[in-house]
Amino acid sequence: MAFGMSCIISFFNCLINLGFDESFVSKWLAAWRNSFVIAFPTAYLLPKGIRKLMKKVRFV
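Here the structure is a predicted model, which is why all the values come from computation and not from measurement. (Residues numbered from 1 in each chain as written. Predicted model: local features only at pLDDT ≥ 70, side-chain atom pairs only at ≥ 80, totals over all residues. Heavy atoms only, no water.)

J.: What's the story with the overall build of the protein chain in this structure? I'm lost.
T.: Within the protein chain, the secondary structure is distributed over two helices and zero strands. Expressed along its principal axes, the backbone C-alpha trace of the protein chain runs to roughly 55 × 20 × 15 Å. Taking all 60 residues of the protein chain together, 13% fall into the buried category. Per element, the accessible surface of the protein chain, about 5,200 Å² overall, is 72% carbon and sulfur. (Helix = DSSP H or I, 4+ residues; strand = E, 2+ residues; numbered from the N terminus. Buried < 20%, exposed > 50% of the residue type's maximum accessible area, 1.4 Å probe, protein only. Areas by Shrake-Rupley, 256 points an atom, 1.4 Å probe, with all protein chains shown as cover.)

As structure tokens, this is what we get:
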């Protein structure tokens, strides 16, 4: 999930901010690498924290 999401989001962010030119692919791949470094641990750790929080919240 983190792999695909970071790929798609970094692609469109680069496309919007940089435009499509001859160096687009190399810039996008660098941005994707950086995005994945953040996305994978977030996708792994965040649900555990949210699950703990939701156990504490009482719904009426």
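J.: Is there a simple way to think about helix 2 (residues 24–56) in this case?
T.: One turn of an α-helix holds 3.6 residues; hence residues three or four places apart share an orientation. Here helix 2 spans 46 Å end to end across 33 residues, near enough to the 48 Å set by a 1.5 Å rise per residue. Of all the bends in helix 2, the greatest, near 30 degrees, is centred on Ala-43, and the proline Pro-47 appears no more than four residues after it. Listing the buried residues of helix 2 in full gives Phe-24, Trp-28 and Trp-32. Those residues of helix 2 hidden inside the fold are in contact with helix 1 (2–18). (Expected span 1.5 Å × (residues − 1). Bend = angle between axes of the 7 residues up to and from the residue. Contact = heavy atoms within 4.5 Å.)

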